[in-house]
Amino acid sequence: MKEVLEKVYTNKSLRSSIVPLFIGNPGLGKTVILKEFAKEKGINIVEFITSQRNPFEISGMAMPDRDLKKMSIWDFDDMLKLKDGDILFFDEVLNGNPVVLNACLTLLESRTMISGKKLPDIMVVAAANHQGMVPLTPQIKERFVWYNVEFDRDMWKDYMAVKYRMPRMMSNKLCDLIVKEDFKSNNFYSPRSVDKAVNMIIHEVPSPYMDTVGSIINAPKKNPFKKPVVLSDDYTLQPEEMISWAKLMKFKYDQLAAAAAVIPLNDVIKEENTKKVPVKRKTRVVKKKTTATKNKKDGITSK
């Protein structure tokens, strides 16, 4: 996805004519990836959640002009915020009313609003889910270049390692839940849903994911140190004592964990030495010069 964004954005001809549409299951992080791309580029995104918009917010609206004594097309203010290099992002584009999608046709193809105002030199991107997709006409489908977005296990495990410092063995088991999701129940196992479930369970909020996600992140871990580890004022983890990863994370989020009990990236607790070794400075001894020594240096001999 990032490769497509980069190559379309940096090619002026492609940027002005190609509209990538990234379609995949909910919660894969399509919107997050696009926003990270914009942040890296230092550019602005104007986002339209198509399922929440009416056609006039995209194409503009006819309003009476008293001075001209006729109807004029007024452009929507969000469209006027765009400047060269920005991104116009249509999210949930296939869940919107077909009337809204039809309002996008001229905008997507000729980059012109129905008022006649040309869009700046921007990139237009869309994202969508298969679920709840409205019937589309060929002329709407043809405006996009469709890309199927699949779940990326490695990228998600990297994300969980950064956010929670989650062991990869643990996040790999959560990935197994995600790839089996069929979206037929009420509580899904999308990457976003599992991320939220982990956060709830860490903070001891009752969750319908307790039997699945909870059984994975509550797996007991042994204190590998040969000494007690102080986790809080009233809790000390004894040598060989077992503690769940989720509980250990709870101490971390409560800011009670000691520096020697930082959550690791591997499947064990690793001690991190955050204490700086004091540097011993040598004390310089300055000998006080006597009057006799000073006079001798100056060539004066005392009698």
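Read on for a plain summary of the structure. (Residues numbered from 1 in each chain as written. Predicted model: local features only at pLDDT ≥ 70, side-chain atom pairs only at ≥ 80, totals over all residues. Heavy atoms only, no water.)

**A word on the side chain of R111**
- For R111, the position within the fold is in the loop between α7 (105–110) and β6 (123–128).
- D121 provides the closest opposite charge to the buried, salt-bridge-free R111, at an N-O distance of 6.5 Å.
- There is a polar contact of 3.3 Å between the side chain of R111 and the backbone oxygen of I122. (Helix = DSSP H or I, 4+ residues; strand = E, 2+ residues; numbered from the N terminus. Buried < 20%, exposed > 50% of the residue type's maximum accessible area, 1.4 Å probe, protein only. Lys, Arg positive; Asp, Glu negative; His and termini not counted. Salt bridge = Lys/Arg side-chain N within 4 Å of Asp/Glu carboxyl O. Polar contact = N/O pair within 3.5 Å; in protein donor to acceptor, adjacent residues only side chain to side chain.)

**Things to note about the nonpolar core**
- One finds L21, M79, L88, F90, V93 and F144 to be the most contacted residues of the largest nonpolar core, which totals 26 residues.
- Those elements giving two or more residues to this core turn out to be β1 (20–23), β2 (45–49), β5 (87–91), α7 and β6.
- The contacts of L88, once residues within four sequence positions are left out, are V46, F48, M79, L82, L107, I122, M123, V124 and V125.
- Formed by 21 residues, the second largest nonpolar core is a distinct cluster that contains Y164, M166, V194 and A197. (Core = buried A, V, L, I, M, F, W, Y, C linked by side-chain atoms within 4.5 Å. Contact = heavy atoms within 4.5 Å.)

**Points about helix α11 (residues 191–202)**
- Helix length check: α11, at twelve residues, gives a terminal C-alpha distance of 17 Å against a target of 16 Å (1.5 Å per residue), a fit within 8%.
- The inward-facing, buried residues of α11 contact α9 (153–164), α10 (168–179), α12 (210–217) and α13 (245–253). (Expected span 1.5 Å × (residues − 1).)

**Quick notes on the sheet that holds β5**
- Read from one edge to the other, the open sheet built from five strands follows the order β2-β5-β6-β1-β7, with strand pairing classed as parallel. Here the strands that pair on one side only, and so sit at the sheet edges, are β2 and β7 (145–148). For this sheet, the mean inter-axis angle between neighbouring strands, taken without regard to orientation, is 20 degrees.
- In this sheet, β6 lies alongside β1 in parallel orientation, the contact comprising three bridges. Paired with I23 across the two strands is A128, which belongs to β6.
- Relative to the sheet, helix α3 (residues 30–41) contacts β1, β2, β5 and β6, its axis offset from that of β5 by approximately 175 degrees. (Pairing = 2+ DSSP bridges. Axes fitted to C-alpha atoms, helices over the stretch in contact; angles between N-to-C directions.)

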